[in-house]
Amino acid sequence: MSETTLSASRRKRIKRIKIYLITIFVILLITPTVISVYTMNRMSDLNDCVDDLTRQIDQMELSYLLKETAHESLEEMTKEIDENQMAADTQTMQIETKAYESEAECPEGYKKVYLTFDDGPSPYTTEILDILDSYGVKATFFVTGIQKDKHPEWYKEIVDRGHSIGMHSYTHVYKQVYANEEAFLKDVEDIHELIKETTGVNATLYRFPGGSSNSVSTVSMGDLFAKIHDQGYEYFDWNISSQDASNPTPSKATITYNVLSGIDKFDNCVVLMHDAADKYATVQALPGIIEGIMKKEKTVILPIGPNTETVWHLTGDEEED
Ligand code: ZN
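So, a few notes on the structure that sits alongside this text. Computed from a prediction, not measured in an experiment: that's the story for all the values here.

1. A few points about the overall build of the protein chain
Thought 1: Secondary structure assignment for the protein chain yields 8 helices and 8 strands.
Thought 2: For 321 residues, the compact-globule estimate of 2.2 N^0.38 gives 20 Å, and the C-alpha radius of gyration of the protein chain, at 43 Å, exceeds that figure by more than 25%.
Thought 3: Taking the principal axes of its C-alpha atoms as reference, the protein chain extends roughly 160 × 45 × 40 Å.
Thought 4: A burial count over the protein chain gives 38% of its 321 residues as buried.
Thought 5: Summarising the internal contacts of the protein chain: among those between residues at least 6 apart in sequence, 79% fall at separations of at least 24.
Thought 6: Carbon and sulfur atoms make up 55% of the accessible area of the protein chain, which amounts to about 19100 Å² in all.
Thought 7: Here the protein chain holds 30 positive side-chain charges and 53 negative ones, and the gap between their average locations is 25 Å.

Written out as structure tokens, the structure is:
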């Protein structure tokens, strides 16, 4: 092989190597650029996608909010309609005159219902009075001395709003009240004084703690009936119990049923309920009870007064048997 041929073949190899190197260089330079451009494009696509989704979520949130607002306005409208309906119903009932302030105003031959609340006043007294007022109904409250220091104004509110107030017990501690005749008379005198001081009323209505048929008294109940009558007072038991003092406290529906079903059995109905801090179901049941009574034929609601026919569990005569 001549020198010329050898250098020509070397040049060729060098040229080939140069081409290889240039190719590799170009590949190395272009590939990342292509990858970068591709990645950037994908990212831009993904960004668009995210933007779309965000817009959709925003729209969904907006439509949810709109729905919520619409729902709230609908609820408000329904409430308003209900309130108007209730006001209209109340008005209709008052036009029919289903409640009177005394027997003298009551038409002949009507069934009489006396709603009585024992153990008050309580934190619920005002709410009970508001409900009674909204139906134009007068009731009877047999009060205790429990709130005498903290809320003497509650006693007065009962009287100021036109209801009957009666004596129940100063202490309402059965063992103490019925320990002996002196203790009983002292308790009656104390609650009489408290009512006089707080309301100015000379109370004559009385309800025995536990009723005249209570099983707690160690003193002859017949003697106590006589003592009550000696002072010119009158005692009232009940012939319909709402059973709201049962343990556990019955539901609003049960209390309402107990009262309304009881009323069907008597012409002169004295209903026992309680005005007490642990008996909110009674407050909740009260509108339904009043409406139920008002829907009954020839039936009126009255407060107990001096001319009310008494309802007694015991008269004292039974004790002689
Ligand atoms: Zn009581």
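After that view, the rundown keeps rolling.
2. Quick word on the pairing of strand β8 (residues 299-302)
Thought 1: Burial of β8 is two-sided: the residues Thr 299 and Ile 301 facing one way and the residues Val 300 and Leu 302 facing the other way are all buried.
Thought 2: Examined bridge by bridge, strand β1 (residues 111-118) and β8 share 4 bridges and lie parallel to one another. From the neighbouring strand, Lys 111 faces β8, where its bridge partner is Thr 299.

3. Examining the packing of helix α5 (residues 181-199) against helix α6 (residues 221-230)
Thought 1: Interhelical geometry of α5 versus α6 gives an angle of 35° and a closest axis separation of 11 Å. As α5 runs across α6, the sense of the crossing is right-handed. Here α5 contributes Glu 181, Phe 184, Leu 185 and Val 188 to the contact with α6, which in turn contributes Asp 223, Leu 224, Lys 227 and Ile 228.
Thought 2: For the contact of α5 with α6, the class distribution of residues is 5 nonpolar, no polar and 3 charged.

4. Focus on a negative patch on the surface
Thought 1: On the surface, a cluster of negative charge is contributed by Glu 68, Glu 72, Glu 75, Glu 76, Glu 80, Asp 82 and Glu 83.
Thought 2: Tracing the backbone through its elements, the reader meets Glu 76 in helix α1 (residues 3-96).

5. Brief notes about a nonpolar patch on the surface
Thought 1: Together, Ile 22, Phe 25, Val 26, Leu 29, Ile 30 and Val 34 make up an exposed nonpolar region whose accessible area comes to about 580 Å².
Thought 2: Within the secondary structure, Ile 22 is located in helix α1.

6. Description of the environment of Pro 209
Thought 1: Among the structural elements, Pro 209 can be located in the loop between β4 (205-206) and α6.
Thought 2: The residues touching Pro 209, leaving out its near neighbours within four places in the chain, are His 168, Ser 169, Tyr 174, Val 177, Tyr 178 and Asn 214.

7. Regarding the packing of aromatic side chains
Thought 1: A complete count under the given rule lists 11 aromatic pairs for this structure.
Thought 2: Consider the rings of Tyr 124 and Tyr 280, whose centres lie 4.8 Å apart with planes at 45°: the pair is tilted. Note that Tyr 124 is positioned in the loop between β1 and α2 (125-134) and Tyr 280 in helix α8 (residues 280-295), a separation of 156 residues in sequence.
Thought 3: The interplanar angle of 25° and the centroid separation of 4.7 Å between the aromatic rings of Phe 225 and Tyr 235 together place this pair among those described as stacked. Note that Phe 225 is positioned in helix α6 and Tyr 235 in strand β5 (residues 234-235), a separation of 10 residues in sequence. Just as Phe 225 is buried, Tyr 235 falls in that class too.
Thought 4: Ring pairs connect the aromatic residues Tyr 174, Tyr 178, Phe 184, Tyr 206, Phe 208, Phe 225, Tyr 235 and Trp 312, which therefore count as one cluster.

Reading the values: the criteria
Residues numbered from 1 in each chain as written. Predicted model: local features only at pLDDT ≥ 70, side-chain atom pairs only at ≥ 80, totals over all residues. Heavy atoms only, no water. Helix = DSSP H or I, 4+ residues; strand = E, 2+ residues; numbered from the N terminus. Rg over C-alpha atoms; globule rule 2.2 N^0.38 Å. Buried < 20%, exposed > 50% of the residue type's maximum accessible area, 1.4 Å probe, protein only. Contact = heavy atoms within 4.5 Å. Areas by Shrake-Rupley, 256 points an atom, 1.4 Å probe, with all protein chains shown as cover. Lys, Arg positive; Asp, Glu negative; His and termini not counted. Charge placed at Lys NZ, Arg CZ, Asp CG, Glu CD. Pairing = 2+ DSSP bridges. Axes fitted to C-alpha atoms, helices over the stretch in contact; angles between N-to-C directions. Left-handed = near helix turned anticlockwise from the far one by under 90°. Nonpolar A, V, L, I, M, F, W, Y, C, P; charged D, E, K, R; others polar. Patch = residues over 30% accessible without salt bridge, like charges linked within 9 Å, V, L, I, M, F, W, Y side chains within 5 Å. Salt bridge = Lys/Arg side-chain N within 4 Å of Asp/Glu carboxyl O. Phe/Tyr/Trp six-rings, centres within 6.5 Å; stacked < 30°, edge-to-face > 60°.

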